[in-house]
Amino acid sequence: MRAAAGRARGVIALTALVAAALGVGCGVDTAGTRIPGPPTSSSAKQASPSTAPATATGPFGKPAAPSTPSGTPTAPAGFQPEAVTAVSESQYWVLGTAGICTSCPPLIWHTTDAGQTFTSVPAPPTQFANASQGATTSVSDLRYADGVDGWAFGPGLWATHDDGGQWRSIDLQGDVVDLEPGAGGYVYAVVDLCVMGGNGVCPLEVVRSTAASDAWSVVLTLSDEGEPPPSLGVHGADVWLLGGTGLWRSLDDGASFDQLPTPCSADLGGTIDPVTASVVWAFCPTGLEGGPWVSTDGGAGFRSAYGNEVWSNSAKVSALSASNALLTGIGGLDETNNGGASYRTVPAFGGSGAWWLGFTDASVGYAWVADQLPEGTQLQLWRTTDGGARWTLVNLP
């Protein structure tokens, strides 16, 4: 998911569901705890059936003007980070909430000096989504393509084209489960159109828009996707989708997709992490365990990169090359420098385990760590500038 702008690959942070399992996130007192059939290519169907671009909507689907948040929020006591997105080695944004909150508004902090200082950015006027609550317009994740074009999503979708000056609610007629910017000025999203009840059919759509506009159109439709949730990867003009129906790849900015053999079990899915147009890593659960796979031909074929190790089924992989990759492990990170033939443990995070990691480039990366404190569990953001050899705790507002 390495974008031309240098945005962090794999910037999906610890999700609301995992945060809830840890006992952290919005509305929790931290003192007490804490994809069948051929795809449709370049479909002319638009994200909103009544208009070509996706329609901005307000409560109950009524048309709404772009929202202009008023005032500048200040960080509350117990600010809880939930997602991070970067467009360069020095510029990134952190989405979070108050550690204890009632209305659960999202908060966004922005740094342009690698975390030495942060300034607040107005957030969408909605709720932060967690595992137990959240309106259809609520959000739990964040992406930026550049210094001004950004999206808050999951399950709703909000877009800004002036770094938070205004946020527009976008109705894609389903839950946005993943979103990634790419090259060529495009951004892609995965929309879950699951029909609740009845036969339980859960079709998916991959939709695309130019980053500077809100004109979304469907580029891939899959039927009966269901669980598990898909993983979206973008590098340059190449797009990958790994899910229950297999692995799909586009080499032309999403104009057409081909289905490829998947390294993962169809009923378990996995996550995908493209490093270049040819080097692609994936992590595949196998039940209670799982392991990494690597491709050097753009995903046309994969080989096992387990070595002699096994990981939990929730582990994450973030790769720097065909030979070098790191996986989340207990008490630190597991690193391979020989394409998965063997691994070594990299002590990090004071002995705590990382839940997620992603890299902006071969040097700078980020990790979410759940620190067990006497008063409860606190999520921490750590940063590396040497490819994962050493990590420093980010002092958030």
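Residues numbered from 1 in each chain as written. Predicted model: local features only at pLDDT ≥ 70, side-chain atom pairs only at ≥ 80, totals over all residues. Heavy atoms only, no water.

Draft legend 1. Structural context of the environment of A145. Its location among the elements puts A145 in the loop between β6 (141-144) and β7 (150-153). Relative accessible area serves as the criterion here: at 12%, A145 is assigned to the buried category. As a C-alpha pair, A145 and P181 span 36 residues in sequence and 5.6 Å in three-dimensional space. (Helix = DSSP H or I, 4+ residues; strand = E, 2+ residues; numbered from the N terminus. Buried < 20%, exposed > 50% of the residue type's maximum accessible area, 1.4 Å probe, protein only.)

Draft legend 2. Region of interest: the environment of V218. With respect to the element layout, V218 can be found in strand β13 (residues 217-222). Since its relative accessible area comes to 2%, V218 is described here as buried. Here the alpha-carbon distance between V218 and G254, two residues 36 residues apart in the chain, equals 9.4 Å.

Draft legend 3. Spatial organisation of the sheet that holds strand β23 (residues 317-319). Sheet architecture is open: four strands sit in the order β23-β24-β25-β26, paired in antiparallel fashion. Two strands bound the open sheet, and with one partner strand each, they are β23 and β26 (344-347). Strand-to-strand, the axes of this sheet are offset by a mean angle of 30°, without reference to chain direction. Inspection of the sheet shows strand β25 (residues 332-336) paired to β26 by four bridges, in the antiparallel sense. Its bridge partner being in β26, D334 is matched across the sheet by T345. (Pairing = 2+ DSSP bridges. Axes fitted to C-alpha atoms, helices over the stretch in contact; angles between N-to-C directions.)

Draft legend 4. Molecular detail of unusual backbone geometry. Residue G154 is joined to P155 through a cis peptide bond whose omega torsion reads 5°. One can find P155 in the loop between β7 and β8 (157-160). Backbone geometry places Q173, a non-glycine residue, at a positive phi of 60°. Summarising the element assignment, Q173 is placed in the loop between β9 (168-171) and β10 (175-181).

Draft legend 5. Geometry of the state of the cysteines. Applying the stated criterion across every chain, the model contains one disulfide. Here C264 pairs with C284 through a disulfide, and the sulfurs are 1.9 Å apart. Taking the torsion about the S-S bond as the criterion, the C264 to C284 disulfide, at about -65°, is left-handed. Taken together, the positions of C264 in the loop between β17 (258-260) and β18 (271-274) and C284 in strand β19 (residues 280-285) put the pair 20 residues apart, joining distant regions of the chain. With a relative accessible area of 7%, C264 lands in the buried category. For C284, a relative accessible area of 2% puts it in the buried group. (Disulfide = S-S within 2.5 Å.)

Draft legend 6. Spotlight on the nonpolar core. If you look at the biggest cluster of nonpolar residues, it comprises 17 residues, and the most contacted ones within it are W151, L157, L172, V176, L179, V207 and W216. Elements represented by at least two residues in this core include exactly β7, β8, β10 and β11 (186-192). Here this core gets three residues from one element, more than from any other, and that element is β11. (Core = buried A, V, L, I, M, F, W, Y, C linked by side-chain atoms within 4.5 Å.)

Draft legend 7. Broad picture of the pattern of salt bridges. Taken as a whole and judged by the stated rule, the model has six salt bridges. Among the ionic pairs, R143 bridges to E180, the shortest N-O distance being 3.3 Å. Of this pair, R143 sits in strand β6 while E180 sits in strand β10, placing them 37 residues apart in sequence. Neither residue differs from the other here; R143 and E180 are each classed as buried. Two residues, D386 and R390, come together in a salt bridge whose shortest N-O distance is 2.9 Å. Owing to a relative accessible area of 60%, R390 belongs among the exposed residues under this scheme. Salt bridges here are not isolated pairs; linked through shared partners, they connect D141, R143, D178 and E180. (Salt bridge = Lys/Arg side-chain N within 4 Å of Asp/Glu carboxyl O.)

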